[in-house]
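The residues making up each chain are set out below.
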Amino acid sequence: MRKCSLSNSTALFNKIAENATLYIPVDLEKGRVAYKKYADGMKMSDALKTDRSAKDFFFPQTENLMEFKTEGKSIEIIDNRSEAEDFVVFGVRACDVKSLEVLDKVFLAEPVDSYYKNRREHGVIVSMACTRPTETCFCGTFGIDASAPKGDIECYKTDDAFYFNAVTEKGEALLAKLDGVTESSDEKAVNEQKEQIKKVLDKLPLKDLKADEFGADKTDKFFNSPEWKNLSEACLGCGTCTFVCPTCQCYDIKDFKTNKGVQRFRCWDSCMYSDFTKMSAGQPRLTQMERFRQRFMHKLVYFPTNNDGMFSCVGCGRCVAKCPISMNIVKVMKTLGGKNND
Amino acid sequence: MTNVKEPLIPTVCVITDIRQDTPDVKTFRVLTLDGKKPFIHKPGQCAMLSMPGVGEALFSITSSPTNTEYVEFSIKKCGCVTSWLHAAEVGQQITVRGPYGNGFPVETEFKGQDMLFIAGGIGLAPVRSVINYVRDNRANYGKVDIVYGSRSKDDLVFYKEIIDEWKNDPTVNVHLTIDREQEGWDGHVGFVPNFVKEVAEKFDEDKKAKTTAVLCGPPIMIKFTLQGLGEIGFNKEQIYTTLELRMKCGIGKCGRCNVGSKYVCKDGPVFRMDQLDALPDEY
Ligand SMILES: Cc1cc2nc3c(=O)[nH]c(=O)nc-3n(C[C@H](O)[C@H](O)[C@H](O)COP(=O)(O)OP(=O)(O)OC[C@H]3O[C@@H](n4cnc5c(N)ncnc54)[C@H](O)[C@@H]3O)c2cc1C
Ligand code: SF4
Ligand code: SF4
Ligand code: FES
């Protein structure tokens, strides 16, 4: 285990930024928190989480896929993919770390998405244990341990220092480069913090939320539940829940005419939108009830069915905090999850 | 980086032939720029065609894999990409990616079976690929019946091929129908579901038991045909169909085309009826 005192954090960040682009969470105006490209002296936010997750680094909201030049009847494809730059995302919480594992299941499955893979290969995740999880947090429901946040380097921040443990080879390589600004340390402070975190987790209002009733092959059990109607009644179909979600991965592909040719790009899309599945001859999800059901069935049943039981929710609580009508996956689970979740 | 394969990046191909099949369906032959087939496919698979700046759209590969010279797509004019393609001329380049989807189990479940092909309108596009595959591997399959119907005579896709080749193939029975009486038509008149029932009712029990049906067309036709086949003793395990949902990626990642936990682009578009029944009713 390596340690770096907080008074030395600028030196630490500068050192990381020497070799790779570094992103750290910073406080913005009006209580907003976002990852920003590190510049000398920048102060790291202490907030529990960023408004948008680390998903943006690997699967950005919009990205250029390729370009085309057309002339007469001819077409030229311009493949302008390039090797991503090396980058480090610092301070990623356990839930958001896990969300990358969920996205990997989609984008790294054959046929591999090269855009995503490229960034995954060049990105290093320095996680951060949560000392102050909050009332909207329920990562524990999905077996995630906020006191063991994983990533490439696992990090703990106490009142006076950062503590680091390399988890992967990539993490080891980065940590080795930081020898000059870190020192060897025992695990005492970290073990104490882990104990303290467990105590906080034990007091969270959602600590007893269970996902056991959901999971692989439970489609028949939930699809026709009469509860969907009430649950979805007030849903505005605004898509906010899908855009803030670290595991939502639906996208659209579009062409854009530039003065040089055509750019084909992809952008996030949302199953909550009515035109998502619209066809000339029909629409399989006619009402918001069906679209709403799709979102939660996907996270709690369909995704686990296809991915050895892994849920596509990490309990980050963003949708809980951001839905304008205060509807969310927790309410869905409590309503459909039977007596387990009373 | 550019030597890493990327499924979303297509290949440039060229349209080498265009045939007007019906007032709103044209069939396009497509080859790579060096004159080869763009891919090897299975009957029932699809490919994503595009004109940059207009968009991408998914189409069944209607030619059979046994065709060694080219691939074909039959395309109904209905929106941006399809209208653009209808206005294109021979020599026009387009982009192609695929093939996508599972295809029909022609080398497994279909082997040795009597085949009953049922199609309505443009639904013949995917079925034609199987029909010609079966005709080209005749020894591997039993008797073949084709029931095909359209609104009118002019809307029968591949009419020339049906008349010149399928009708002249002594190993194949072709049963055509159109929805309403029309001058110059002395064939059957009536909707596909009823006609299928008439044709298949004449099968003896033994033949019914060893028949596999392939069924593609508008949802309403599928619904009533299924009902009819059920009434005369067909099981769901004997009937295959294809689903059509909105698609973007074609590779199970954009999240658009699922029915329950299945992605139609990847796990379909071909489904056996009993498998389809096990999925939620959302297609
Ligand atoms: C598995 C599969 C196989 C198909 N095979 C064929 C085929 O062999 N021949 C053929 O002509 N068509 C086929 N289609 C339908 C074809 O993909 C659509 O007609 C096409 O995408 C419309 O594109 P467009 O740009 O012309 O329409 P747009 O301008 O995008 O839209 C026009 C209208 O079509 C709707 N639409 C968009 N996508 C689809 C879709 N996938 N299915 C139905 N309506 C859609 C739009 O919502 C809109 O109402 C197939 C579709 C699928 C999913
Ligand atoms: S569904 Fe909600 S709580 Fe679950 S990962 Fe997405 S935003 Fe977070
Ligand atoms: S659940 Fe809430 S955030 Fe999601 S689409 Fe409906 S109203 Fe918007
Ligand atoms: S078309 Fe993208 S998941 Fe099927």
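Conventions adopted
Residues numbered from 1 in each chain as written. Chains lettered and ligands numbered in written order. Predicted model: local features only at pLDDT ≥ 70, side-chain atom pairs only at ≥ 80, totals over all residues. Heavy atoms only, no water. Near = heavy atom within 4 Å. Polar contact = N/O pair within 3.5 Å; in protein donor to acceptor, adjacent residues only side chain to side chain. Areas by Shrake-Rupley, 256 points an atom, 1.4 Å probe, with all protein chains shown as cover. Helix = DSSP H or I, 4+ residues; strand = E, 2+ residues; numbered from the N terminus. Nonpolar A, V, L, I, M, F, W, Y, C, P; charged D, E, K, R; others polar. Buried < 20%, exposed > 50% of the residue type's maximum accessible area, 1.4 Å probe, protein only. Arc of directions from axis to C-beta. Contact = heavy atoms within 4.5 Å. Phe/Tyr/Trp six-rings, centres within 6.5 Å; stacked < 30°, edge-to-face > 60°. Lys NZ or Arg CZ within 6 Å of the ring centre and 35° of its normal. Pairing = 2+ DSSP bridges. Axes fitted to C-alpha atoms, helices over the stretch in contact; angles between N-to-C directions. Expected span 1.5 Å × (residues − 1). Buried area = accessible area lost by both parts, 1.4 Å probe. Salt bridge = Lys/Arg side-chain N within 4 Å of Asp/Glu carboxyl O.

1. What about the site of ligand 1?
Close to ligand 1 lie 24 residues, the nearest being L58(B), K76(B), C80(B), V81(B) and T82(B). At the site occupied by ligand 1, the surrounding residues belong to chains A and B. Here K76(B) contributes a backbone N or O atom positioned 2.7 Å from an oxygen atom of ligand 1. For ligand 1, whose unbound accessible area comes to 850 Å², protein coverage reaches 85%. Where the shell around ligand 1 is concerned, the elements lending two or more residues are strand 4 (55-60), strand 5 (71-76) and helix 1 (80-87) of chain B. Counting residues per element, the shell around ligand 1 draws most heavily on strand 4 of chain B, which supplies four residues. For the shell around ligand 1, the residue count by class is 15 nonpolar, five polar and four charged.

2. Focus on helix 1 (residues 9-19) of chain A
Residue and element names in this part refer to chain A. Turning to helix 1, its buried residues number three or more, namely S9, L12, F13 and I16. Buried residues of helix 1 fall within an arc of 95° about the axis and therefore sit on the same side. Turning to helix 1, the residues buried within the fold contact strand 1 (2-5), strand 2 (21-27), strand 6 (87-93), strand 9 (161-166) and helix 5 (169-177).

3. So, the packing of aromatic side chains
All names here are of chain A. Taken as a whole and judged by the stated rule, the model has 26 aromatic pairs over all chains. For the ring pair Y35 and F57, a centre distance of 5.3 Å and an interplane angle of 70° mean the geometry is edge-to-face. Residue Y35 is located in strand 3 (residues 33-37), and its partner F57 is located in helix 2 (residues 55-58); the two are separated by 22 residues in the primary sequence. The pair Y35 / F57 is uniform in exposure class, with both members buried. Ring plane angle 45° and centroid distance 5.5 Å describe the contact between F58 and F87, whose orientation is recorded as tilted. Residue F58 is found in helix 2, and its partner F87 is found in strand 6; the two are separated by 29 residues along the sequence. You can call F87 buried: its relative accessible area is 6%. These aromatic residues form a ring-pair network of at least three members: Y23, Y35, F57, F58, F59, F87, F107, Y116, F243, Y251, W268 and Y273. One Lys or Arg, R120, reaches over the ring of F58 and ends 5.4 Å from the middle of that ring.

4. Observations concerning the sheet that holds strand 5 (residues 74-78) of chain A
Residues and elements named next belong to chain A. Here we have four strands laid out as an open sheet, ordered 5-4-12-11, and antiparallel in their pairing. Each edge of the sheet is formed by a strand with only one pairing partner; in this case those strands are strand 5 and strand 11 (251-257). Taking the axes of each pair of neighbouring strands and ignoring which way they run, one obtains an average angle of 25° across the sheet. Each of strand 4 (62-71) and strand 12 (262-268) touches helix 4 (residues 114-122); the most contacted strand, strand 4, lies at about 135° to it.

5. As for the pairing of strand 3 (residues 46-51) of chain B
Residue and element names in this part refer to chain B. In terms of burial, strand 3 is a largely internal element, six of the six residues being buried. Burial of strand 3 is two-sided: the residues C46, M48 and S50 facing one way and the residues A47, L49 and M51 facing the other way are all buried. Where strand 3 meets strand 4, six bridges bridge the pair, whose relative direction is antiparallel. The partner of M51 across the bridge, within strand 4, is G55. The turn joining strand 3 and strand 4, which pair antiparallel and follow one another in sequence, is formed by three residues; a positive phi near 95° is taken by G53. Sheet analysis places strand 3 next to strand 6 (residues 93-100), joined by four bridges and oriented antiparallel. What sits directly across from S50, in strand 6, is T95.

6. Observations concerning the sheet that holds strand 1 (residues 11-22) of chain B
Residues and elements named next belong to chain B. Spatial strand order, 4-3-6-1-2-5: six strands in an open sheet with antiparallel pairing. The strands lining the two open edges of the sheet, one partner per strand, are strand 4 and strand 5. Strand-to-strand twist of the sheet, defined as the mean angle between neighbouring strand axes without regard to direction, takes the value 40°.

7. What to know about unusual backbone geometry
Here the bond from E110(A) into P111(A) is cis, since omega is -10°, no more than 30 degrees from zero. In this structure, P111(A) sits in the loop between helix 3 (94-107) and helix 4. Cis geometry is adopted by the peptide bond preceding P99(B), which originates at G98(B) and carries an omega value of 0°. Summarising the element assignment, P99(B) is placed in strand 6. Positive phi is not limited to glycine here, since F158(B) has a value of about 60°.

8. Some thoughts on helix 3 of chain A
Residue and element names in this part refer to chain A. Relative to the 20 Å expected for 14 residues at 1.5 Å per residue, helix 3 spans 20 Å between its end C-alpha atoms, a close match to the ideal helical length. Most of helix 3 is tucked away: 11 of the 14 residues are buried. Those residues of helix 3 not exposed but buried are A94, C95, D96, V97, S99, L100, V102, L103, D104, V106 and F107.

9. As for the interface of chain B and chain A
Across the contact, 46 residues belong to chain B and 52 residues belong to chain A. Regarding the contact of chain B and chain A, the summed buried area is about 4000 Å², with carbon and sulfur atoms giving 56% of it. Of all residues in chain B, M1(B), K253(B) and E282(B) give up the largest surface area on contact with chain A, accounting jointly for 20% of the area buried on that side. Counting every contact that joins chain B to chain A gives seven salt bridges. R264(A) is the salt-bridge partner of E56(B), the closest N and O atoms lying 3.4 Å from each other. Taken together, chain B and chain A are joined by 26 residue pairs in polar contact (both at pLDDT 80 or more). Broken down by secondary-structure element, the contributors of at least two residues to the side of chain B that touches chain A are strand 1, strand 3, strand 4 and strand 6 of chain B.

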